[in-house]
Every structure is written in structure tokens, then in C-alpha cells.
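Descriptive analysis of the structure
Spelled out, the chains give:
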Amino acid sequence: MIDKKVNSLLTNGHRPLTFGAVAMLLAIPLMLVQAGAVFAEDQRFYVGIAVPVEQLNASFDKTVDNTDENTLVLESRKGMVFRDEDSANTSAYGIGLLAGYRASLAESSFYLSGEVDIALHDGEVEGQLAGIGESEGRNQLGESWPDHWSLAKDRSYGFTLKLGGGFGALRNFYALAGIRRVEAQFTTRYYGCLDVSLCSEAEDTPNFASGTDSRDLDLQGWTAGIGLEKALGQQLALRAETRYTQYASEDWVTPFDDVGVTVPAVLEANEVSLSLRLARYF
């Protein structure tokens, strides 16, 4: 699946990065300059590849709101609010390209680098809401149906600052912080009643409806972690990195105006990753 996505790397648009995340990243080099740190002549560009293995965690929160005064749900459900939540996780993997610029800090053994990367991912979180309601299937109009849901990552983009160096055993380690944007698809599969009368399999009653609802999401968040770099000669370096990424929550509302029911939803996600990276310096 990863190979099939390579041809589409240059497509799709971008959403603006959050102000807080940008300010956090810009503050790091600013503080170094204010402290009197000056970049030395040891400045090098690099490019490389990355192979991340990730654990993606997601939670889906759905609310069915029957408080509209004109709602057409049964009398027993009028004015009621049903909230259901489910969490799931999965292992995923990917492959990416990176490019960066590394500069030593004058009169010290420390260095600062800035890096951008793009990655393709293969992995899907899947879960199942329990459903909340009075009926046996918890899927009549106005109830919270037991939807199956999934979140699939497609591609991601990131900018990371890395501070490393030092003495002794710590000289090959570095700390990192950055921002990340992930293009993903969220899908729900439902089976329930959309009619004001009770649905059933019996004759002369409305039939249950089934279908799939999908939406494209742009998840944006911050990432932090540590890494270890091992030189493989003058131009190559092998890195191992572990990162934690927290994405901002995504929320939306699905209105069913014809029956007076509103369904707000919230998706939250984070991930822990371990990646191997091969970089070539110039």
C-alpha cells in the first residue's frame, strides 16, 4: 500500500499551523541567540530516509441530542441526550524522506539542527461504540447507535528542531521538539432507524438504513522526543529516534434537521513512534 501512495506525494493543500506551536519552535533559536551563542563554521546540509514504527491511539466521542423542542423522536426520548465513547489503538508503519541543516554552536560541543520531513503511513485504528438506548439494538431514531468507526493515516509533514552534543556518554544523544500535520480519513459504518416510526424486520414497518460516512481530517499537533546518532564514516549517520506526538482534537456536528436530532462528535489522537533514520551529510 505504501508503494501505491508514492505517486501522490505532491498533491493536496495545507492548513495553517497553530500559533502556539510556531511560537514554541521559534523561541528556541531566539533564546540561543540572546544567550550569545553564535553558529560556527561547521555547518552541513543533510538528506535522508526514515522508517517509523508507530502505535496510534484514538478515541471517538459521539453525542445524540434530542433536546430540540421540535424533535420527532418518540416521547420517551424527547429532551434526552445520549453520549457514547470508545477508544482503540493499533500498530502502524511508514516510510519517509527528510532534509535538514545542522550547525555547531561556536566554542561549544553542542549543535542545533532544523529538519523537515514527509512520510507515508499504513495503519488503521478501528473501534466499535457500545450504543446507548432503550431498544434491543440501540439503533432506533434518537438513540446512540453502535457504530463501527476507523481512523486511517495517509501522509504526514513535520518540522523539527534538534539540540544535541555535549561530552562523554551524552555526546551522541539529542533532544527534539517540533510540529506535525497528518492527513487522515475517519469513517463510520452505521445500521439504524431514520424513521419517526419504529423500524423492524417485520412487514408493514420501516426498514433499518445502513451506510458509510467518511470525512478527510487534517490532524495538527506537537511532537517531542530523544534520539541517538551513530556516525558511519564522514558523510553517513544512522539515527534511532523515539517520539511522542499529541494531536489537537477534531470536532464536528451532523444535524438531522428533518427529525430534530443533532449529533456532535469529537475525535482525539496521539501516537508513540520509534524510527530508524539514515542521513547523508554534504
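These numbers come from a predicted model, not from an experiment. Think of each chain on its own: its residues are numbered from 1, step by step along the sequence as written. Where local features are concerned, this predicted model is filtered to residues with pLDDT of at least 70; where side-chain atom pairs are given and counted, the filter is 80 or more; whole-chain, interface and lining totals use all residues. Hydrogen atoms and water are omitted, and side-chain values are computed over all heavy atoms in the structure.

1. Focus: a negative patch on the surface
Among the surface-exposed residues, Asp68, Glu69, Asp257 and Asp258 lie close enough to one another that they form a single negatively charged patch. One can find Asp258 in the loop between strand 9 (250-256) and strand 10 (261-281). Candidates for patches are residues over 30% relative accessible area with no salt bridge; among them, like charges are joined within 9 Å and nonpolar side chains (Val, Leu, Ile, Met, Phe, Trp, Tyr) within 5 Å. For the accessible areas, the method is Shrake-Rupley and the probe is 1.4 Å, while residue cover comes only from the protein chains on display. For this document, the term salt bridge refers to a Lys or Arg side-chain nitrogen within 4 Å of an Asp or Glu carboxyl oxygen. His is not counted here, nor are the chain ends, while Lys and Arg score as positive and Asp and Glu score as negative. By convention, charge coordinates are those of NZ in Lys, CZ in Arg, CG in Asp, or CD in Glu. Each helix corresponds to a stretch of at least 4 residues labelled H or I by DSSP, and each strand to a stretch of at least 2 residues labelled E; elements are numbered beginning at the N terminus.

2. Some details on the layout of surface pockets
It is the rolling of a water-molecule-sized probe over the atoms that shows where space remains empty. Cavity: a set of points on a 1 Å grid over the protein atoms alone where a 1.4 Å probe fits but cannot get out. Pocket: an open set with protein on both sides within 12 Å along at least five of seven lines, its lining residues, like those of a cavity, having an atom within 4 Å of a point. Grid points are joined across faces, edges and corners, and a volume is the space filled by probe spheres set on the points. Space inside the largest pocket adds up to approximately 550 Å³. What lines the largest pocket is a set of 18 residues, and nearest its centre among them are Arg102, Tyr111, Arg171, Asn172 and Glu229. With three residues, strand 7 (residues 209-232) is the largest single contributor of residues to the lining of the largest pocket. Within the lining of the largest pocket, the residues separate by chemical class into five nonpolar, seven polar and six charged. For this scheme, ten residues count as nonpolar: Ala, Val, Leu, Ile, Met, Phe, Trp, Tyr, Cys and Pro. Four count as charged, namely Asp, Glu, Lys and Arg, and the remainder, Gly too, count as polar.

3. Examining the pattern of salt bridges
Think of it this way: side chains of opposite charge can pair up when their charged atoms draw near. Taken as a whole, this structure holds 20 salt bridges when the rule is applied. Here Asp154 ties to Arg155 by a salt bridge, and the two come within 3.9 Å at their closest N and O atoms. Type-normalised accessible area, obtained with a 1.4 Å probe on protein chains alone, sets the label of each residue: buried when under 20%, exposed when over 50%, and partly exposed for intermediate values. On the accessibility criterion, Asp154 (26% relative accessible area) is partly exposed. Its relative accessible area of 4% is what places Arg155 among the buried residues. Arg277 is paired through a salt bridge with Glu241; the nearest N and O atoms lie 3.3 Å apart. One end of the pair, Arg277, is in strand 10; the other, Glu241, is in strand 8 (residues 236-247), with 36 residues separating them in the sequence. Accessibility expressed as a relative area gives 1% for Glu241, which makes it buried. Taken together, the shared-partner salt bridges connect Arg102, Glu115, Lys162, Glu229, Arg239, Glu241, Arg243 and Arg277 into one network.

4. Here's the deal with the packing of aromatic side chains
For any pair of aromatic rings, the description consists of the separation of the ring centres together with the inter-plane angle of the planes. Aromatic rings from Phe, Tyr and Trp, with only the six-membered ring used for Trp, were paired whenever their centres fell within 6.5 Å, and each pair was classed as stacked if the ring planes differed by under 30 degrees, edge-to-face if by over 60, and tilted otherwise. Using the criterion set out here, one finds nine aromatic pairs in the structure. Taking the centre distance of 5.3 Å and the plane angle of 55° together, the rings of Tyr46 and Tyr281 count as tilted. A residue pair is termed long-range when its members are at least 10 positions apart, and Tyr46 in strand 1 (residues 39-65) and Tyr281 in strand 10 qualify at 235 residues. The class of Tyr46 is buried, set by a relative accessible area of 1%. Counting every residue linked through ring pairs, the aromatic cluster contains Phe60, Trp149, Phe186 and Trp252. Remark: a charge is flagged as sitting over a ring if the NZ atom of Lys or the CZ atom of Arg is within 6 Å of the ring centre and within 35 degrees of the ring normal. The ring centre of Tyr111 lies 3.6 Å from the NZ or CZ of Arg102, which sits over that ring. The ring of Tyr46 is capped by Arg239, whose NZ or CZ atom sits 4.5 Å from the centre of that ring.

5. Details of the state of the cysteines
Criterion for a disulfide: a pair of cysteine sulfur atoms within 2.5 Å. If you walk through the whole model with that rule in mind, you get one disulfide. In this model, Cys193 is linked to Cys199 through a disulfide, with the two sulfur atoms separated by 2.0 Å. Disulfide Cys193 to Cys199: torsion about the S-S bond roughly 65°, handedness right-handed. You can call Cys193 buried: its relative accessible area is 0%.

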